[in-house]
Structure formats: C-alpha cells, structure tokens
Amino acid sequence: AAGIPVKERVKVSQNWRHGRCRRDTVLKWKCKQVASFSSSFLMPWMELDGEYLYLSQAENIQAYHLCAEGTGLQRHPQAIFSGHQEDVCRFVLVNSHIVSGGGDGSIVLHKIHGSYSVKFSAHEQEVNCVDFQGGLIVSGSRDRTAKVWSLSAGRVGQCLHTVQTEDRVWSIAISPLLSSFVTGTACCGHTSPLRIWDLESGQLLTCLGTDFHRGAGVLDVFYETPSLLLSCGYDTYIRYWDIRTSTRKCVQEWEEPHDSALYCIRSDKNHMIASGSSYYGVVRLWDKRQTRCLQSFHLSSPTSSPVYCLRFSTTHLYAALASALHVLDFTAS
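Residues numbered from 1 in each chain as written. Predicted model: local features only at pLDDT ≥ 70, side-chain atom pairs only at ≥ 80, totals over all residues. Heavy atoms only, no water.

Student: I'd like a rundown of the overall build of the protein, residues and numbers included.
Tutor: The helix and strand inventory of the protein stands at 1 helix and 30 strands. Its C-alpha atoms put the protein at 55 × 50 × 45 Å along the principal axes. Total accessible area computed for the protein in this model is approximately 15,200 Å², and 48% of it derives from carbon and sulfur atoms. A distance of 5 Å separates the average location of the 32 positive side-chain charges in the protein from that of its 30 negative side-chain charges. (Helix = DSSP H or I, 4+ residues; strand = E, 2+ residues; numbered from the N terminus. Areas by Shrake-Rupley, 256 points an atom, 1.4 Å probe, with all protein chains shown as cover. Lys, Arg positive; Asp, Glu negative; His and termini not counted. Charge placed at Lys NZ, Arg CZ, Asp CG, Glu CD.)

Student: How would you sum up the UniProt feature "repeat: WD" (unreviewed entry) in the protein? Please name residues and give values.
Tutor: Here, UniProt's "repeat: WD" (unreviewed entry) annotation points to residues 120-155. For residues 120-155, helix accounts for 0% and strand for 58%, while the C-alpha atoms at its two ends are 12 Å apart. (UniProt positions renumbered as here; feature names shortened; annotations may be inferred.)

Student: Go over the packing of aromatic side chains, please, and point to the residues and values.
Tutor: A full pass over the atoms with the stated rule returns 8 aromatic pairs. Between Trp-16 and Phe-330, the ring centres sit 3.8 Å apart and the planes meet at 15°, which makes this aromatic pair stacked. Here the residue Trp-16 occupies a position in helix α1 (residues 6-18), and Phe-330 occupies one in the segment after β30 (324-329), the gap between them amounting to 314 residues. Its relative accessible area of 0% is what places Phe-330 among the buried residues. Members of the aromatic cluster, joined through ring pairs, are Trp-16, Phe-297, Phe-312 and Phe-330. The ring of Trp-45 carries Arg-90 above its face, with NZ or CZ at 4.0 Å from the centroid. (Phe/Tyr/Trp six-rings, centres within 6.5 Å; stacked < 30°, edge-to-face > 60°. Buried < 20%, exposed > 50% of the residue type's maximum accessible area, 1.4 Å probe, protein only. Lys NZ or Arg CZ within 6 Å of the ring centre and 35° of its normal.)

Student: Go over the sheet that holds strand β16 (residues 169-174) with me, naming the residues and quoting the values.
Tutor: The strand order β16-β17-β18-β19 describes an open sheet built from 4 strands, whose pairing is antiparallel. Every other strand in the sheet has two partners, leaving β16 and β19 (204-207) as the edge strands with one partner each. The mean inter-strand angle of the sheet, taken between neighbouring strand axes irrespective of direction, is 25°. As paired strands, strand β18 (residues 194-198) and β19 are joined by 3 bridges and run antiparallel to one another. Residue Trp-197 lies in a different strand from β19, and its bridge partner there is Leu-204. (Pairing = 2+ DSSP bridges. Axes fitted to C-alpha atoms, helices over the stretch in contact; angles between N-to-C directions.)

Student: Give me the lowdown on the state of the cysteines, citing residues and values where you can.
Tutor: Summed over the entire model, instances satisfying the criterion amount to 0 disulfides. Counting only cysteine sulfurs, Cys-293 is the nearest neighbor of Cys-21, a cysteine outside any disulfide, at a range of 13 Å. Cysteine Cys-89 shares no disulfide, and the gap to the nearest cysteine sulfur, in Cys-129, comes to 9.1 Å. (Disulfide = S-S within 2.5 Å.)

Student: So, the nonpolar core: which residues are in play, and what are the values?
Tutor: The biggest cluster of nonpolar side chains holds 24 residues, and the ones touching the most others in it are Met-46, Leu-53, Tyr-54, Leu-55, Leu-73, Ile-98 and Leu-325. Residue assignment for this core shows that the elements contributing at least two residues are β1 (22-28), β5 (52-57), β6 (60-65), β8 (88-94), β29 (316-320) and β30. Among all residues touching Leu-55, those that are not within four sequence positions of it are Leu-27, Trp-29, Pro-44, Trp-45, Met-46, Asn-60, Ile-61, Gln-62, Tyr-64, Phe-91 and Ala-320. (Core = buried A, V, L, I, M, F, W, Y, C linked by side-chain atoms within 4.5 Å. Contact = heavy atoms within 4.5 Å.)

See below:
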C-alpha cells in the first residue's frame, strides 16, 4: 500500500467497503472425472507472494506472474513445482520455500529459486494441512495424527513428535512465537476441534472453546498475532479468539447468514475479514466492528462450488473454486 497515492488508497478503501469491483475469471481448469457416476473436484489452494500467485492444481503447484497494471495474471505459469503422486491438499509459502502435503501421504519441500527439493513419507493417509516456520514443519492428516518435523541440517524429514488427535486434522498453524501450534479437527472422535500443542514437547497446552456440536470441524485457522486467532468451519461460524483473555470463550463470533459451512478465512490483521462459503462460491467481507456481513459476492452460478481458498492484497481478492480462479479488482472506478 505504501506506493499507492493517498487519493487512490481512499478510493480503493471505499470500493472494498461498498463492494465496488471488477470481477474476472482468470483461470479455468477441468474437474477430474473419477468414474462415470461421480466426479472428484480439485480442491485448489493458493498463496500470494509479491509479484506471484502460487496455485495448486492436481499434483502440481504452479507459479503465475501477476500483471503489473492490475489486470489479473499471466495465463501460463512461470514455474511448476511437482513431486506428489496424488493431489496437493495444502501448501504454504515461507521464506522462498514451498512446503506441501499431498493425498499420497507425503510432504514435499521446494526451494523456489533453485532445483533443491526434498520429499519424505509423512502420514499413512492424506496430509490435509501443513505449516512451516523456524525450521520446523507441522502436518495434520486424515490418519488422526499431527506431526512435527525437523528441517535442520542432517535431520531433514525427521519426525520429532507425533500427536494423537483422535480425529482427522483439517487445519494447522504454528504460532508466530514459534512456541506452539494449533490443530483444527473434525470434532467427531474428540469433543474439542481446536487444540493448542507445545511445539517443543508435543504436549497438549489447552483446548479452545466448549460445547461444540459433533461434526463442528474446523477447516481453517489463521493467527493474527501470537494471542489472536481466527477459526472457521462446518458449524458456519467465524470465531475470534484472544488466548490472553479466555480459552473457554471466543471474544467475537460472526454467523454465516445462509447457514453454509465456511471453508477458508483470512484477515488483514486489522478490521477486515474475508471468508469463503461451501455453496455457490460465496465470498463475504466482514468488519470486526460490526456484527453483520459487510459485503458478499457470488462467484459460482448456476453450478455450486465451495470457495476452497482465498487470498487478498490491498487492491485485489483471489478466490479458488473447484474449476476456476476468480479475481475481484477493487481499483475499478
């Protein structure tokens, strides 16, 4: 935002608030047909990094150059990162490294600028989520475990801790202090879907919240600060946790107005939150100072698709659905 003139910043801010934007479908891909009677939708994930957008499609992660004039992205990838035998479930981009978890149970580490990559077998079933900070990887799987992995010299791919979660792990994140990590689980075998674990020992530190309904799985988590955490999932709520205040009760919550599960969440670490719903590609913008949704955008019609992942910059919001990548451009007049 530093390079944008004040007048332009005010206009862009007003556009976000009032939902004024230009919409574009910048990439499309085919859904994989698994059998004549069923189809397996790709569940794409993405990360933004300055001039590039990284998007997982099937077993690859592709890097697309963002156009300088803000008209979307170049249609052909600048780089392709491969290594998984099955679909990439999730990946993170940290310090010029990509760490991905796949349906093949493996974790792959790529250095973006160079040919260096490492692959190791991590879980017995698909790796649903990963995070990477401070030389450590955490991963969560359908096999009902979360694991901590070393990336230090001579110990790359060594498992330091295995945490028994009693539930499939849908989401995971390392605290910015690098002292703990949070797991979001399915809330079927264990009554608490949000738990915080010590990174050094693998021991349970605390459970967040009480009285969750069975199946209220947490699909995405996002640390704003070491003590402020956002979560969302199947029970249709966005919850804002302040670990300093209380671990039993969140400090704020917002309900998805159409009773849809929430697949993904992001904030600007200030007042704005963006969420992606499970039906009709609905993206909602929220202001933490208000109880109701600020704006909503329906990106998928007539066929319904979840918003599997969303990311935003100062001027653009990117949303990945089952068969397309959509962009909302808030610089439009």
